[in-house]
Amino acid sequence: MTTALYTHSDCLAHRTPPGHPEQVGRIESVAKALEGFDALDRRDAPAAPDGVIGLCHPQSHIDAIAAAEPKSGTVALDEDTHMSPGSMQAARRAVGGAVAAVDAVMAGEVANAFVATRPPGHHAEYEKPMGFCLFGNVAIAAKHAIAAHGLNRVVIIDFDVHHGNGTQDLLWNEEKVLFFSSHQLPLWPGTGSEKERGKYDQIVNLPLAPGSGSLEMRNTYTRRVFPMIDAFRPELILISAGFDAHRADPLAQLEWETDDYTWITEQICDLAAKHCGGRVVSTLEGGYDLTSLAASAAAHVQVLMEKGA
């Protein structure tokens, strides 16, 4: 068995204005960091059709995003979220990569997978692009796992520094998905309090204080997250892998270290080995300091490869 890497050159065509943190260089940095990982099963992320995106978004949203794509330059959908020529196809690849990774892992073709695509997805709500995100990549992958593979217990762990408000919105009424989001609070987008629990108490928000660092994160996951996953007995674990909680990242102040991504990936993979045959699909979310993004993503994938071997 091995680890699959899903990516596509179309994700480089999604352009943002100069100085924007969600830039083409993010994917280039991750790709370079993974160049020496020869055992990776490298696969092209397919483009998701409307029907797949429609697992979480109405056709009106899909059509509005497609219509907003400019012929040249960039256009702002809000103060943070932009599109350029090629953005729609990049977004389809981001969704399609996550869905294809689920299919490959469920089929036993690979042990686990990392989806290195952009734009990210965990802020996109039902009918609202926001926070650099157009579609809810990981939420769609979860819905696909339920619809196409008959799963009844899917876990999503979102360790991006920002609250996964989009994933929460898209899965608010989905009792088959247990969603965890650890995030800095206060911080944009301002959501993610512990009081936001979903229709079936299946949403678990874990706000962390600025400067709380590695120890608080590890204690929070050890005390609260991992016992709940054990009790839930997932059939698949999905990860929204944002690397912007790193101390070098310019957008937040959680002060995590690169080793923390090694640790949390090891714990997740061990839980997956215990409950669901090691089935893990990780999708890239944030991470805006290119050096720490590359190092953290490499550490994350290294563990996936070691655990999936």
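Our structure's up above, just so we're on the same page.
Residues numbered from 1 in each chain as written. Predicted model: local features only at pLDDT ≥ 70, side-chain atom pairs only at ≥ 80, totals over all residues. Heavy atoms only, no water.

Draft legend 1. Representation of helix 5 (residues 137–149). Compared with an ideal rise of 1.5 Å per residue, which puts 13 residues at 18 Å, helix 5 spans 17 Å between its outermost C-alpha atoms and is within 8% of the ideal. Those residues of helix 5 lying buried are Asn137, Val138, Ala139, Ile140, Ala141, Ala142, His144, Ala145 and Ile146. Gly150 sits one or two residues past helix 5 and shows a positive phi near 70 degrees. (Helix = DSSP H or I, 4+ residues; strand = E, 2+ residues; numbered from the N terminus. Expected span 1.5 Å × (residues − 1). Buried < 20%, exposed > 50% of the residue type's maximum accessible area, 1.4 Å probe, protein only.)

Draft legend 2. Broad picture of the sheet that holds strand 10 (residues 280–284). Spatially, 2-1-5-10-9-6-7-8 is the arrangement adopted by the eight strands of the open sheet, whose pairing is parallel. In this open sheet, the two strands that pair with only one neighbour each are strand 2 (41–44) and strand 8 (203–208). Sheet twist, expressed as the average angle between the axes of neighbouring strands with direction ignored, equals 15 degrees. Seen against the sheet, helix 5 touches strand 6 (154–158), strand 7 (177–184), strand 9 (236–241) and strand 10 and runs at an angle of roughly 170 degrees to strand 9. (Pairing = 2+ DSSP bridges. Axes fitted to C-alpha atoms, helices over the stretch in contact; angles between N-to-C directions. Contact = heavy atoms within 4.5 Å.)

Draft legend 3. Highlighting the nonpolar core. Counting residues in hydrophobic clusters, the biggest one holds 48 residues, and the most contacted among them are Phe114 and Phe159. Phe159 has contacts with Ser182, Tyr221, Ile239, Ser240, Ala241, Gly242, Phe243, Trp256, Tyr261, Ile264, Ile268 and His300, leaving out every residue within four places of it along the chain. The next biggest cluster of nonpolar side chains, apart from the first, holds 43 residues, and it includes Val99, Val177, Leu238 and Val281. (Core = buried A, V, L, I, M, F, W, Y, C linked by side-chain atoms within 4.5 Å.)

Draft legend 4. Representation of the packing of aromatic side chains. Throughout the structure, instances matching the rule amount to seven aromatic pairs. A centroid spacing of 5.6 Å and a plane angle of 85 degrees characterise the contact between Phe132 and Tyr288, whose relative ring orientation is edge-to-face. Taken as a pair, Phe132 in the loop between strand 5 (112–115) and helix 5 and Tyr288 in the loop between strand 10 and helix 9 (290–308) lie far apart in primary sequence, 156 residues in all. With a relative accessible area of 9%, Tyr288 lands in the buried category. Look at Phe159 and Tyr261: their rings are 5.7 Å apart centre to centre, the planes differ by 50 degrees, and that puts the pair in the tilted class. In this pair, Phe159 is assigned in the loop between strand 6 and helix 6 (165–170) and Tyr261 in helix 8 (residues 258–275), connecting sequence segments 102 residues apart. (Phe/Tyr/Trp six-rings, centres within 6.5 Å; stacked < 30°, edge-to-face > 60°.)

Draft legend 5. Representation of the environment of Pro210 in the model. By secondary structure assignment, the location of Pro210 is in the loop between strand 8 and helix 7 (213–232). Taking the C-alpha atoms as reference, Pro210 lies 34 Å from Ala13; in sequence the two are 197 residues apart. Excluding residues that lie within four positions of it along the chain, Pro210 makes contacts with Gln184, Leu185, Pro186, Gln253 and Leu254.

Draft legend 6. Summary view of the pattern of salt bridges. In the structure shown here, the tally under the stated rule is 14 salt bridges. In this structure, the salt-bridge partner of Arg43 is Glu109, at a minimum N-O distance of 2.8 Å. Placement of Arg43 in strand 2 and of Glu109 in the loop between helix 4 (87–106) and strand 5 is noted, with a sequence separation of 66 residues between them. Owing to a relative accessible area of 22%, Arg43 belongs among the partly exposed residues under this scheme. With a closest N to O distance of 2.8 Å, Lys307 and Asp270 form a salt bridge. On the criterion of sequence distance, the pair formed by Lys307 in helix 9 and Asp270 in helix 8 is long-range, its members being 37 residues apart. (Salt bridge = Lys/Arg side-chain N within 4 Å of Asp/Glu carboxyl O.)

Draft legend 7. View of the pairing of strand 10. Counting buried positions over the five residues of strand 10 gives five, a clear majority of the element. Of the two faces of strand 10, the one carrying Val280, Ser282 and Leu284 and the one carrying Val281 and Thr283 are both buried. Relative to strand 10, strand 5 runs parallel, the two being bridged by four bridges. Residue Ala113 lies in a different strand from strand 10, and its bridge partner there is Val281. Bridge count between strand 9 and strand 10: five bridges; the pairing is parallel.

Draft legend 8. Local environment of the side chain of Arg93. Inspection of the secondary structure puts Arg93 in helix 4. The class for Arg93 is buried, based on a relative accessible area of 15%. Apart from the residues within four sequence positions on either side, Arg93 is in contact with His8, Asp10, Cys11, Ala45, Pro46, Ala47 and Thr117.

Draft legend 9. Region of the structure containing the environment of Ile268. Assignment of secondary structure puts Ile268 in helix 8. A sequence separation of 36 residues divides Ile268 from Leu304, and the C-alpha atoms of the two residues are 9.6 Å apart. Each residue touching Ile268, except ones within four places of it in the same chain, is listed here: Ile157, Phe159, Ile237, Ile239 and Val280.

Draft legend 10. Representation of the pairing of strand 7. With eight of eight residues buried, strand 7 lies mostly within the body of the structure. Burial along strand 7 is two-sided: Val177, Phe179, Ser181 and His183 facing one way and Leu178, Phe180, Ser182 and Gln184 facing the other are all buried. Note: strand 6 against strand 7, five bridges, orientation parallel. For Ile157, the partnering residue across the bridge sits in strand 7 and is Phe180. With helix 6 bridging strand 6 and its parallel neighbour strand 7, the resulting β-α-β unit is right-handed. Relative to strand 8, strand 7 runs parallel, the two sharing six bridges. Bridge pairing in strand 8 links Ser182 to Leu206. (Right-handed = clockwise from strand over helix to strand, strands pointing away.)

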